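Working through the structure, step by step
Next come the chains, spelled out residue by residue.
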There are 2 protein chains.
Amino acid sequence: MDTRERLIESTRELLWECGYVGTSPKAIQRRSGAGQGSMYHHFRGKSDLALAAITRSAEELRDRAEAELGGSGTPVQRVAAYLRRERAALRGCPVGRLTQDSDVMADPTLRRPIEETFAWLRDRLAGVLAEARAAGELATALDPAATATALVAVLQGAYVLARAAGDADVYARAVDGALGLLAAH
Amino acid sequence: MDTRERLIESTRELLWECGYVGTSPKAIQRRSGAGQGSMYHHFRGKSDLALAAITRSAEELRDRAEAELGGSGTPVQRVAAYLRRERAALRGCPVGRLTQDSDVMADPTLRRPIEETFAWLRDRLAGVLAEARAAGELATALDPAATATALVAVLQGAYVLARAAGDADVYARAVDGALGLLAAH
DNA sequence: GTCTATAGGACGATAGAC
DNA sequence: GTCTATCGTCCTATAGAC
């Protein structure tokens, strides 16, 4: 892994752990093993580096979601597989976390990949739920778009509750609750 | 409103907008109109002031939730009233937001009010759902505790999605989806 | 109770040698 | 491409006058 790559990966980790405000160029240099000059040679500054890191994290989230939502099984099975997939509950969502960072949200460039990722995810999940409804797996009374938004919200909120409780099991419990609600429809 | 009070209220606003790392004593002084010496006279430092602010925000969240969950109507009506209550969707949850702040979560003193608040909320909501089930308003197959956790997660996640989209309607849509799932049970 | 002065360090970035 | 030196600013906190 070359220097540029190490800088991006270190920034991804730090943004995940500390957020944008809490991540300093010095900390990035320390973790990546790159020097001051090296960092500013490869990137224009903190926000430029953050953009590269955020873009990659967003792509990764989409790829992983697509692996399950576009996988095999009935529509409801694929939704369940996506919801149940193991996640680092206590670390939080590397993309959703940035949503709470006003410096990120105030910058249209940094914000775009986050906005696009969740728009895509809600829409993709709504599509699978529409499939489920068409196949008779899901009540016709349920609106796919609203249901999809609620399910994505459960995942994002589950991170919050797990961190608040200091207990990863809370994440699983929220998912159980969501699947329970989905089950009888 | 005296100086001490203005300091606490200003800190509450800033923690809400900028998080703990993003909130500086200087910014608190600017917003409250209190001087340097004044702030350090009333509080030992940043974390001491943050504790007062967080404790108050946590109490407020509990009081507001209790107003609806312990209000009038059938259990399911009370849950719906709680979920549908108007919130500042784009500002995020003043308590849940702090969950993403590693400095806050690393400090047991600052963390306790957050942990207790969500533990109480999940439990309180589970109680109302148990009432609903006993009254035949809700399917016996649904576990009150898991369902309550999922519903609280929907609210917390709805803030994330609304901020990501830059659109408060997304919050309402997540709530609609959750109530839709709850309806047919 | 509130003020100003000051501390020692970290922040984000730039300059210029090698 | 990477290094060290340096900049000006802000950070959190303390000291001591009023």
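Our subject in this report is the structure included herewith. (Residues numbered from 1 in each chain as written. Chains lettered and ligands numbered in written order. Predicted model: local features only at pLDDT ≥ 70, side-chain atom pairs only at ≥ 80, totals over all residues. Heavy atoms only, no water.)

On to the interface of chain B and chain A, then. Across the contact, 45 residues belong to chain B and 45 residues belong to chain A. The interface formed by chain B and chain A contains zero salt bridges. Taken together, chain B and chain A are joined by eight residue pairs in polar contact (both at pLDDT 80 or more). Broken down by secondary-structure element, the contributors of at least two residues to the side of chain B that touches chain A are α1 (3-18), α6 (102-106), α7 (108-134), α8 (144-165) and α9 (169-183) of chain B. It is α8 of chain B that provides the largest number of residues to the side of chain B that touches chain A, a total of 16 residues. The residue inventory of the side of chain B that touches chain A, partitioned by class, reads 23 nonpolar, 13 polar and nine charged. (Contact = heavy atoms within 4.5 Å. Salt bridge = Lys/Arg side-chain N within 4 Å of Asp/Glu carboxyl O. Polar contact = N/O pair within 3.5 Å; in protein donor to acceptor, adjacent residues only side chain to side chain. Helix = DSSP H or I, 4+ residues; strand = E, 2+ residues; numbered from the N terminus. Nonpolar A, V, L, I, M, F, W, Y, C, P; charged D, E, K, R; others polar.)

Another point: the relation of the copies chain B and chain A. For the pair chain B and chain A, the relating rotation is 180°, the translation along its axis is 0.0 Å, and the fit reaches an RMSD of 0.0 Å. Within this description, the copies of the chain are treated as partners about a two-fold rotation axis. Across chain B, the rotation axis passes nearest the C-alpha of G157 of chain B, at a separation of 1.9 Å. Looking at the interface residues of chain B, 100% of them are also at the interface in chain A, so both copies use one shared face. (Least-squares fit on C-alpha atoms with pLDDT ≥ 70 in both.)

The next subject is the packing of helix α4 (residues 46-69) of chain A against helix α7 (residues 108-134) of chain A. Residues and elements named next belong to chain A. One can describe the packing of α4 onto α7 by two numbers: an axis separation of 9 Å at closest approach and a directional angle of 5°. As summarised for this structure, α4 and α7 are arranged roughly parallel, according to the angle between their axes. Of the residues in α7, those in contact with S47, A50, L51, I54, T55, A58, L61, R62, A65, E66 and L69 of α4 are T109, L110, P113, I114, E116, T117, W120, L121, R124, L125 and V128. Its residues placed into classes, the contact of α4 with α7 shows 14 nonpolar, four polar and four charged. (Axes fitted to C-alpha atoms, helices over the stretch in contact; angles between N-to-C directions. Parallel < 35°, antiparallel > 145°, perpendicular 65-115°, else oblique.)

Aromatic ring pairs: the centre-centre distance and the angle between the two ring planes describe each pair. Taken as a whole and judged by the stated rule, the model has two aromatic pairs over all chains. Summarising the aromatic geometry, the rings of Y159 of chain A and Y171 of chain A are spaced 5.0 Å apart at their centres and angled 55° between planes, so their arrangement reads as tilted. Residue Y159 of chain A is found in helix α8 (residues 144-165), and its partner Y171 of chain A is found in helix α9 (residues 169-183); the two are separated by twelve residues along the sequence. The buried category is assigned to Y171 of chain A, whose relative accessible area is 6%. The ring centre of Y20 of chain B lies 4.4 Å from the NZ or CZ of K46 of chain B, which sits over that ring. Across the ring face of W16 of chain B, the terminal group of R91 of chain B is positioned such that the distance to the ring centre comes to 3.9 Å. (Phe/Tyr/Trp six-rings, centres within 6.5 Å; stacked < 30°, edge-to-face > 60°. Buried < 20%, exposed > 50% of the residue type's maximum accessible area, 1.4 Å probe, protein only. Lys NZ or Arg CZ within 6 Å of the ring centre and 35° of its normal.)

Attention now goes to the protein's contact with DNA strand C. In the vicinity of DNA strand C there are 15 residues, among which S24, P25, Q36 and K46 of chain A together with G37 of chain B approach most closely. A share of 55% is what sugar and phosphate atoms reach among the atoms of DNA strand C within 4 Å of the protein. At the level of elements, α2 (25-32) and α3 (36-42) of chain A together with α3 (36-42) of chain B are the ones that each hand at least two residues to the surface near DNA strand C. Per-element accounting of the surface near DNA strand C gives the leading share, five residues, to α3 of chain B. (Near = heavy atom within 4 Å.)

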